[in-house]
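This is what each chain is made of:
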Amino acid sequence: MIQITHMQPSPIQLREMHYHGIMVRPRPLVEEDENDKLPETPFDFNGVNIGESITMHTLKDQNDQLSYLVILRIAIKNESGKIAPYSIDVEASGLFEITSNKIPDEKHEEMAIVNGCAILYSAIREQVMTLSSRCIRGTFLLPTVNFQDKIKVANKDTEKSEQPSKPQARKKTNKITK
């Protein structure tokens, strides 16, 4: 028997989410390529170059309440590395608030970037899966990832600064070209 318990809300809440662009394009089927068969098992992403771009802006409303705008772009260009069955380029943004006063102020940015990216990535992953399910190459499920390495980047930025860090826009970009 399943016991129903009270679900605890997360200390970070997504207030808005939008897609800025979605491109999911299957590679054409080529008869000459013997490796170009329709997949029978899930695709192995080892060797695929997956680009990411992350931007975060700290916003303050008229009541001095902080919000965090996180923008995540995921792209597989298939220009180098292992070739995936699809080329993708998806960008989404989310507006997040830290709703718990139990989270120290100095942890808000880390929480917003790590959890915000995880939430946006899961939405992007679902959108790619849904759109690809009706394409010639079949359903394309992006790999599960985590964004814990973004904490290390934020901590290194803080260590380099002698002054305490103030909430500010933070931008990180990896290998996405238009």
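Chains are numbered independently. Their residues run from 1 in the order of the written sequence. Under the rules for a predicted model, residues below a pLDDT of 70 receive no local features and side-chain atom pairs below 80 are neither given nor counted, while totals for whole chains, interfaces and linings still include all residues. Only heavy atoms go into the side-chain values, all of them from the structure, while hydrogens and water stay out.

A.B. asks: Give a description of the environment of lysine 107 that names residues and reports values.
C.D. replies: A run of H or I in DSSP counts as a helix once it spans at least four residues, and a run of E counts as a strand once it spans at least two, with each numbered from the N terminus. Its location among the elements puts lysine 107 in the loop between strand E4 (86-98) and helix H1 (108-132). Taking the C-alpha atoms as reference points, lysine 107 and isoleucine 151, 44 residues apart in sequence, are found 9.7 Å from one another.

A.B. asks: An account of unusual backbone geometry is requested, with residue identities and associated values reported.
C.D. replies: Peptide bonds are, in most cases, trans, and in most cases residues other than glycine have a negative phi. Backbone geometry places asparagine 78, a non-glycine residue, at a positive phi of 60 degrees. Classification of asparagine 78 as buried rests on a relative accessible area of 16%. The cut-offs for exposure are 20% and 50% of the maximum accessible area for each residue type, with area from a 1.4 Å probe on protein chains only; residues under the lower value are buried, those over the upper are exposed, and the others partly exposed.

A.B. asks: Requested: an account of the packing of aromatic side chains, with residues and values cited.
C.D. replies: To pair, rings of Phe, Tyr and Trp, with the six-membered ring standing in for Trp, must have centres within 6.5 Å; the planes then decide the type, stacked if under 30 degrees apart, edge-to-face if over 60, and tilted in the middle. In total, this model carries five aromatic pairs according to the counting rule given. Look at phenylalanine 43 and phenylalanine 140: their rings are 6.2 Å apart centre to centre, the planes differ by 55 degrees, and that puts the pair in the tilted class. Separated by 97 residues along the polypeptide, phenylalanine 43 in the loop between strand E1 (12-26) and strand E2 (51-60) and phenylalanine 140 in the loop between H1 and helix H2 (149-160) bring together distant segments of the chain. A relative accessible area of 26% means that phenylalanine 43 is categorised as partly exposed. The class of phenylalanine 140 is buried, set by a relative accessible area of 2%.

A.B. asks: Please provide a residue-by-residue account of the pairing of E2, values included.
C.D. replies: A pair of strands is considered paired only if DSSP assigns at least 2 bridges between the two. Here E2 runs beside strand E3 (residues 66-76); their pairing, made up of 10 bridges, is antiparallel. Looking across to E3, one finds that threonine 58 is bridged to tyrosine 68. What sits between the antiparallel neighbours E2 and E3 is a turn of five residues, in which aspartate 64 has the positive phi angle 65 degrees.

A.B. asks: Before we move on, can you summarise the pairing of E4 with the specific residues and values?
C.D. replies: Judged by how many residues are buried, E4 sits mostly within the fold: 12 of 13 residues are covered. By the bridge criterion, nine bridges tie E3 to E4 in an arrangement that is antiparallel. Looking at the pairing, isoleucine 71 lines up with serine 93 of E4.

A.B. asks: An account of the side chain of serine 93 is requested, with residue identities and associated values reported.
C.D. replies: Within the fold, serine 93 resides in strand E4. For serine 93, a relative accessible area of 7% gives the class buried. When checking whether two residues touch, look at their non-hydrogen atoms; a contact exists if any pair is within 4.5 Å. When residues no more than four places from it in sequence are discounted, the contact partners of serine 93 are Glu16, Met17, His18, His20, Leu69, Val70, Ile71 and Leu120.

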